[in-house]
Amino acid sequence: MYQWTKDLETGNIAIDSQHKELIQAINDLLDACAKGKGRVEIKNTLDFLNNYVIRHFADEEKLQIKYGYPDYTNHKKYHEGFKNTVRGIIAEYEKGGATIPLIAKVNSSIAGWLISHIKREDVKVAAHIRSVQK
């Protein structure tokens, strides 16, 4: 299970709220797996992820443009790469169904990437926005 900790906070209420939603979706999947119901929950998680990456990344990118974030181009590339990862996992699910390796991939590829991305990249965006707002 993933916990929301201070080092994941960007300081932007909307972005932090969306990040918490994603962590909750991953935790719901992990909880379902622990109860032997991961194969049922994976479809809900993938549907959520597909919608989430479109909405959340668009919101983040709008903020970056609005506040003139200097590394916007690279940040957008990270988002596009992650969207491709999500699309690949969805395609794998549609082709082979809910398998244990697929569920493990969601956990490692999605949750692992998210935590790393927030700590490395999103905190820089939030710091930039705070500095511009002063």
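See the structure shown above.
Computed from a predicted structure; not experimentally measured.

Calculation notes
- Residues numbered from 1 in each chain as written.
- Predicted model: local features only at pLDDT ≥ 70, side-chain atom pairs only at ≥ 80, totals over all residues.
- Heavy atoms only, no water.
- Helix = DSSP H or I, 4+ residues; strand = E, 2+ residues; numbered from the N terminus.
- Rg over C-alpha atoms; globule rule 2.2 N^0.38 Å.
- Buried < 20%, exposed > 50% of the residue type's maximum accessible area, 1.4 Å probe, protein only.
- Contact = heavy atoms within 4.5 Å.
- Phe/Tyr/Trp six-rings, centres within 6.5 Å; stacked < 30°, edge-to-face > 60°.
- 1 Å grid on protein atoms, 1.4 Å probe; cavity = no way out; pocket = protein on both sides within 12 Å on 5 of 7 lines; lining within 4 Å.
- Points joined across faces, edges and corners; volume = space filled by probe spheres on them.
- Nonpolar A, V, L, I, M, F, W, Y, C, P; charged D, E, K, R; others polar.
- Expected span 1.5 Å × (residues − 1).
- Polar contact = N/O pair within 3.5 Å; in protein donor to acceptor, adjacent residues only side chain to side chain.
- Bend = angle between axes of the 7 residues up to and from the residue.

(A) How the structure looks around the overall build of the chain. When helices and strands are tallied, the chain shows 4 helices and 0 strands. Ordered by position from N to C terminus, the α and β elements of the chain give α-α-α-α. Over its C-alpha trace the chain gives a radius of gyration of 15 Å, about what one expects of a compact globule, namely 14 Å for 134 residues. Its C-alpha atoms give the chain principal-axis dimensions of roughly 50 × 25 × 20 Å. Sorting the 134 residues of the chain into buried and exposed places 39% on the buried side. The contacts in the chain between residues at least 6 apart in sequence include a share of 73% that link residues at least 24 apart.

(B) Focus on the packing of aromatic side chains. Using the criterion set out here, one finds 4 aromatic pairs in the structure. Their ring planes at 65° and their centres at 6.1 Å tell us that Phe57 and Trp113 sit as a pair that is edge-to-face. Residue Phe57 is found in helix H2 (residues 38–66), and its partner Trp113 is found in helix H4 (residues 100–133); the two are separated by 56 residues along the sequence. Put simply, the rings of Phe57, Phe82 and Trp113 pair up and form one aromatic cluster.

(C) View of empty space enclosed by the protein. Throughout the structure, instances matching the rule amount to 1 cavity of 30 Å³ or more. The computed volume of the largest cavity comes to approximately 60 Å³. Looking at the largest cavity, the residues that line it are Thr10, Asn12, Ile15, Glu60, Leu63, Asp122, Val125, Ala126 and Ile129. Taken together, the residues of the lining of the largest cavity sort by class into 5 nonpolar, 2 polar and 2 charged.

(D) Fine view of helix H1 (residues 13–34). Under the 1.5 Å per step criterion, the end-to-end length of H1 is 31 Å for 22 residues, consistent within 8% with the ideal 32 Å. Of all the positions in H1, only Ile15, Asp16, Gln18, His19, Leu22, Ile23, Ala25, Ile26, Asn27, Leu29 and Ala32 are classed as buried. Tucked inside the fold, the buried residues of H1 contact H2 and H4. Its side-chain oxygen 3.2 Å from the backbone nitrogen of Ala14, Asn12 forms the N-cap of H1. Taken from the residues just after H1, Gly36 is the one with a positive phi, measuring 75°.

(E) Highlighting the environment of Gly68. As for its placement among the helices and strands, Gly68 is situated in the loop between H2 and helix H3 (72–96). Classification of Gly68 as partly exposed rests on a relative accessible area of 48%. With 61 residues separating them in the primary sequence, Gly68 and Ile129 have C-alpha atoms 8.4 Å apart.

(F) Fine view of H2. If you check H2, its first and last C-alpha atoms are 40 Å apart, about what 29 residues at 1.5 Å a residue would give, namely 42 Å. Along H2, the largest kink reaches about 30° and is centred on Tyr52.

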